[in-house]
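Spelled out from the first residue to the last, the chains are:
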Amino acid sequence: MTVDIRIKKTKRNIFQTFLKLITQIPFQKITVYQIYTEAEIAKSTFYDHFDDKYDLLEQVIQLVSEEFNSEVERKFAELNQKNFLESLTNIFLNLSKNHNELRALLKIHETPIRLESELKQKLVETCRKYLNQQRISNQFSIDFLSHFYGQLSVASITFALDHYDNQDWMAQQLQLMNDMQQNLLFKVLPG
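Residues numbered from 1 in each chain as written. Predicted model: local features only at pLDDT ≥ 70, side-chain atom pairs only at ≥ 80, totals over all residues. Heavy atoms only, no water.

What should I look at first to understand the environment of Ser153 in this one?
Structurally, the position occupied by Ser153 is in helix α8 (residues 142-162). Relative accessible area serves as the criterion here: at 1%, Ser153 is assigned to the buried category. Separated by 33 residues in the primary sequence, Ser153 and Lys120 have C-alpha atoms spaced 7.6 Å apart. (Helix = DSSP H or I, 4+ residues; strand = E, 2+ residues; numbered from the N terminus. Buried < 20%, exposed > 50% of the residue type's maximum accessible area, 1.4 Å probe, protein only.)

What exactly am I supposed to notice about the packing of helix α6 (residues 99-107) against helix α7 (residues 115-133) here?
Each pair of packed helices can be summarised by the angle the axes make with each other and by the distance between the axes. Interaxial distance between α6 and α7 falls to 7 Å at its minimum, and their mutual angle equals 95°. In terms of orientation, α6 and α7 fall into the roughly perpendicular class. Along its contact with α6, which presents Leu102, Leu105 and Leu106, the element α7 presents Leu115, Glu116 and Leu119. Classifying every residue of the contact of α6 with α7 gives five nonpolar, no polar and one charged. (Axes fitted to C-alpha atoms, helices over the stretch in contact; angles between N-to-C directions. Parallel < 35°, antiparallel > 145°, perpendicular 65-115°, else oblique. Contact = heavy atoms within 4.5 Å. Nonpolar A, V, L, I, M, F, W, Y, C, P; charged D, E, K, R; others polar.)

It is not clear to me how helix α4 (residues 53-78) should be interpreted in this structure. Could you clarify?
Residues separated by three or four positions in an α-helix point in the same direction, a consequence of the helix having 3.6 residues per turn. Its 26 residues place the ends of α4 37 Å apart at the C-alpha level, agreeing with the 38 Å of an ideal helix rising 1.5 Å per residue. Structurally, the start of α4 carries an N-cap: the backbone nitrogen of Tyr54 is 3.0 Å from a side-chain oxygen of Asp52. (Expected span 1.5 Å × (residues − 1). Polar contact = N/O pair within 3.5 Å; in protein donor to acceptor, adjacent residues only side chain to side chain.)

Here it is in structure tokens:
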């Protein structure tokens, strides 16, 4: 069943309007009225697609999470032991040019579905799958490394989004990731 192109365009318009608003106004202060007025749609059109602003937020988080999941799967398929941690910062930044919107979404904690949790979960699952296929030192358990990677990834992504314009700090962050990888986490077993 295909979705009518008008419906897709309307939802995209509402999503874009919402993302624009959350960079300007705290989520708690955004009203449905502001969303449908800014999107230049009727109130009934908004409610045809969403129950309220919380439903809209959850759908936006789902969409961003799905895009992120695709990017993570693609990046992990390209990974090798040498660039495993190095890819942390770039995974999310490559996903979108909208770093302000992503930063704002990561700071919203008003619904059970939170972007940060969705990202961590996907990263842990993907990392565990990847590490199970690799021959790495058993100094650390795969479960520990997967969860550590998920936490570190979200912290790295948040840092990168918050300091997007500071190229020196971004370079330092990448250097730290490289140093951690070489010295701490992922030692490849021979053969």
